[in-house]
Amino acid sequence: MKKLALAIVAHDAKKDDMADFIAMHEHTIGQFSLFATGTTGARVMERCPNLSVTRLKSGPLGGDQQIGAMIAEGRIDVLFFFADPLSPHPHDVDVKALMRVSLVYNIPMALNRATADRLIASFVTQISMP
Ligand SMILES: O=C(CO)COP(=O)(O)O
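What counts, and at which threshold
Residues numbered from 1 in each chain as written. Predicted model: local features only at pLDDT ≥ 70, side-chain atom pairs only at ≥ 80, totals over all residues. UniProt positions renumbered as here; feature names shortened; annotations may be inferred. Helix = DSSP H or I, 4+ residues; strand = E, 2+ residues; numbered from the N terminus. Contact = placed C-beta atoms within 7 Å. Buried ≥ 20, exposed ≤ 12 C-beta atoms within 10 Å, placed from the backbone. Near = placed C-beta within 6 Å. Nonpolar A, V, L, I, M, F, W, Y, C, P; charged D, E, K, R; others polar. pLDDT = per-residue confidence, 0-100. Axes fitted to C-alpha atoms, helices over the stretch in contact; angles between N-to-C directions. Parallel < 35°, antiparallel > 145°, perpendicular 65-115°, else oblique. Left-handed = near helix turned anticlockwise from the far one by under 90°. Core = buried A, V, L, I, M, F, W, Y, C linked by C-beta atoms within 7 Å.

1. A short note on the UniProt feature "binding site: substrate" (unreviewed entry) in the protein
Part 1 of the argument: Following the UniProt record, one finds the feature "binding site: substrate" (unreviewed entry) at His11, Lys15, Thr37, Gly38, Thr39, Thr40, Ser58, Gly59 and His91.
Part 2 of the argument: One can find histidine 11 in the loop between strand S1 (5-10) and helix H1 (15-24).
Part 3 of the argument: Excluding residues within four positions of it along the chain, histidine 11 makes contact with Phe82, Ala83, Asp84, Ser87 and His89.
Part 4 of the argument: Its location among the elements puts serine 58 in the loop between strand S3 (53-55) and helix H4 (63-72).
Part 5 of the argument: Judged by the 16 C-beta atoms lying within 10 Å of it, serine 58 falls in the partly exposed class.
Part 6 of the argument: Every residue in contact with serine 58, bar those within four places of it in the chain, is listed here: Thr37, Gly38, Thr39 and Gly63.

2. Here's the deal with the environment of glycine 41
Part 1 of the argument: Looking at the secondary structure, you find glycine 41 in helix H3 (residues 38-47).
Part 2 of the argument: In this structure the C-alpha to C-alpha distance between glycine 41 and methionine 18, which are 23 residues apart in sequence, comes to 9.9 Å.
Part 3 of the argument: Sequence-distant contacts of glycine 41, defined by excluding residues within four places in its chain, comprise Ala36, Val53 and Arg55.

3. A word on the site of the ligand
Part 1 of the argument: The ligand sits among 13 residues. The nearest are Thr37, Thr39, Thr40, Ser58 and Gly59.
Part 2 of the argument: Looking at the shell around the ligand, the elements with two or more residues in it are H3 and H4.
Part 3 of the argument: No other element matches H3, which puts three residues into the shell around the ligand.
Part 4 of the argument: In terms of residue class, the shell around the ligand is built from three nonpolar, nine polar and one charged.

4. Some remarks on the confidence of the model for the protein
Part 1 of the argument: On average, residues of the protein score 95 in pLDDT, and 95% of them reach the 70 mark or higher.
Part 2 of the argument: Scoring the predicted complex yields pTM 0.95 and, for the interface, ipTM 0.97.

5. Focus on the packing of H4 against helix H5 (residues 92-104)
Part 1 of the argument: Orientation of H4 relative to H5, taken along the N-to-C sense of each, is 15°, at an axis distance of 9 Å. Overall, the two elements H4 and H5 adopt an arrangement that is roughly parallel. Pair H4 / H5 crosses with left-handed handedness. Contacts between H4 and H5 involve Asp64, Gln65, Ile67, Gly68, Ile71 and Ala72 on the former and, on the latter, Asp94, Val95, Ala97, Leu98, Val101 and Ser102.
Part 2 of the argument: Considering only residue class, the contact of H4 with H5 consists of seven nonpolar, three polar and two charged.

6. Thoughts on the nonpolar core
Part 1 of the argument: With 29 residues, the main nonpolar core has Leu6, Ala7, Ile8, Ala36, Ile67 and Phe80 as its most contacted residues.
Part 2 of the argument: Of all the secondary-structure elements, those providing two or more residues to this core are S1, H1, strand S2 (33-36), H4, strand S4 (78-82), H5, strand S5 (109-110) and helix H6 (113-127).
Part 3 of the argument: If sequence neighbours within four positions are ignored, phenylalanine 80 has contacts with Leu6, Ile8, Ala110 and Ala116.

Next comes the structure, spelled out in structure tokens:
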């Protein structure tokens, strides 16, 4: 069975939260092909050295756009984007474009940890299906 592809992205204020979340669900997350923007991926790899993560460019340098392109190509099935609504981001247009393309392709997208907790629970069942 083909692995589902999960993309993870976290703004700076949410990176600890993302690393905690991935560590807590490492067994389930390990069953996805995992893609991350550069710094988020580095943080998660530090925390979970046994997890295989394909790191793309850092968000402000085009990483969000890379993930958006992968979504448009049908190469990403799920997106966890822990977004910080309280800080300005120089690449805000890229962030919006990534969220928009996720909506266009109707992929499950968690923008905060509360949603990600519920979404990952739904995939535990799906992943263990024959
Ligand atoms: O900026 C980001 C999302 O917009 C995240 O990028 P990094 O993971 O490289 O910090």
